Amino acid sequence: MIKRALSGITPSGSNLHIGNYFGAVKQQIELQNSIDQTLYFVADLHALTTVHDKEQLQNNIRNVVLDYLALGVDPEKSIFFRQSDVPQHCELSVILANYISFSHMQRMHAYKDKLANDSEADINMGLFNYPILMAADILLYQPDGVPVGEDQKQHVELTRDIAQNFNKRYGSEILKLPEPLISKTLGKIIGTDGVRKMSKSLGNVIGIFDSEEIIRKQIFSCFTDPNRIKATDPGKVEGNPVFIFHDLLNQNQEEVDDLKARYIKGSVGDVEVKEKLLKAHLTYFQPFREKRKELEKNNKLLENILRQGAQRAQNLASETLNKVEEAIGLTKVFN
Ligand code: ADP
Ligand code: TRP
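Residues numbered from 1 in each chain as written. Chains lettered and ligands numbered in written order. Predicted model: local features only at pLDDT ≥ 70, side-chain atom pairs only at ≥ 80, totals over all residues. Heavy atoms only, no water.

Some thoughts on the site of ligand 1
The environment of ligand 1 is formed by 17 residues, the closest being His17, Asp151, Ile189, Lys197 and Lys200. Residue His17 places a side-chain N or O atom 2.7 Å away from an oxygen atom belonging to ligand 1. Asn20 is positioned such that a nitrogen or oxygen atom in its side chain is 3.1 Å from an oxygen atom of ligand 1. Its free accessible area being 540 Å², ligand 1 has 92% of it covered by the protein chains. Its residues assigned to classes, the shell around ligand 1 shows 5 nonpolar, 8 polar and 4 charged. (Near = heavy atom within 4 Å. Polar contact = N/O pair within 3.5 Å; in protein donor to acceptor, adjacent residues only side chain to side chain. Areas by Shrake-Rupley, 256 points an atom, 1.4 Å probe, with all protein chains shown as cover. Nonpolar A, V, L, I, M, F, W, Y, C, P; charged D, E, K, R; others polar.)

Concerning the site of ligand 2
The environment of ligand 2 is formed by 14 residues, the closest being Gly8, Tyr130, Met134, Asp137 and Gln152. A distance of 3.0 Å is found between a nitrogen atom of ligand 2 and a side-chain nitrogen or oxygen belonging to Gln152. In the complex, 88% of the free accessible area of ligand 2, which totals 370 Å², lies under the protein chains. Residue contributions to the shell around ligand 2 peak at 4 residues, all from helix H7 (residues 125-139). Its residues assigned to classes, the shell around ligand 2 comprises 8 nonpolar, 5 polar and 1 charged. (Helix = DSSP H or I, 4+ residues; strand = E, 2+ residues; numbered from the N terminus.)

A look at the pairing of strand E3 (residues 78-82)
Burial within E3 is extensive, with 4 of its 5 residues counted as buried. In this structure, strand E2 (residues 37-42) lies alongside E3, joined through 5 bridges in parallel fashion. The residue of E3 that forms the bridge with Tyr40 is Phe80. (Buried < 20%, exposed > 50% of the residue type's maximum accessible area, 1.4 Å probe, protein only. Pairing = 2+ DSSP bridges.)

Limitation: the analysis is restricted to geometry and does not speak to function.
Next up, the structure:
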């Protein structure tokens with residue numbers, strides 16, 4: 001039985017997209033409402049691997065805070081905070097780096113993917129060390145589960161490896177091994193290109209809070225059945241991104257069934273399918289969009305939420321850090 005869950009989102013770019021929502025955030029909100037304790041945070045230190053512009057970073061952080069709150073993170077139920085407000089993340093990260101090998105770190109996907117396109121000289125150490133900081137983010141709070149999308153699985157596995165190495169040396173009860181909580185069906189939402197996972201860095205996203213105009217463009221750029229040339233050609237529904245998105249967003253099941261049946265027969269055009277997808281999107285996210293607009297006006301409230309979250313997170317984090325320091329010999333008193 002899972003009692004405590006923790007997850008974070010890196011404010012490295014634009015607003016959240018529907019891949020983030022269905023792959024991770026929706027599950028996080030469900031857990032918030034069903035288990036003892038949930039902790040969610042904005043992983044702003046992680047954003048430094050790519051964002052080196054002060055204003056952009058501050059904007060990104062504010063956007064993720066607003067997105068998260070609008071999508072349902074409730075600071076009364078979850079501990080909601082900003083990573084950089086809790087210095088214990090950095091402290092534990094420096095310690096944990098000593099319990100994992102360089103060659104293990106070289107096998108991490110994020111680093112390997114970057115290395116496939118860039119030279120080593122263009123990869124900063126923040127990116128290389130990123131999974132160790134993520135392990136510290138997790139282990140500080142001793143969660144049973146980490147709700148994330150599939151792309152984060154390797155990071156949670158590394159976290160377990162680090163904790164295991166540490167516990168083997170200092171005692172099995174010190175760091176709790178977390179489980180990745182990844183939806184089998186929604187852990188990897190496809191992008192509008194119909195090929196790769198939806199990701200802000202690939203530019204194949206459908207936003208949640210962008211303007212209607214942008215969302216329209218994103219939906220209309222969406223790939224469909226590549227073998228279907230004319231609206232009268234019979235089409236394939238399975239694996240077709242527009243229908244994957246209809247299944248996620250369209251609450252009018254009759255309409256979805258009708259569109260699919262006509263698509264298979266070749267009696268509906270892409271434009272109608274996409275217009276209806278846009279309508280379904282706007283209906284689905286309308287309450288969240290309204291809530292975000294309200295929150296945007298209230299900077300004081302955001303500050304208070306983050307201040308209170310940081311306090312609560314620090315209390316938990318310092319407990320673990322003290323335990324770790326005590327175990328390894330970084331005791332603060334001589335005796
Ligand atoms: P992006 O890849 O767009 O930069 P992030 O890395 O910020 O997204 O991911 C935030 C959360 O959303 C993570 O838990 C991640 O696993 C999840 N996530 C991101 N993209 C997808 C996707 N296409 N399908 C499912 N989950 C996703
Ligand atoms: N790496 C995650 C992402 O890119 C964000 C993250 C940072 C995270 N620290 C975490 C997720 C700890 C879960 C737990 O989406």
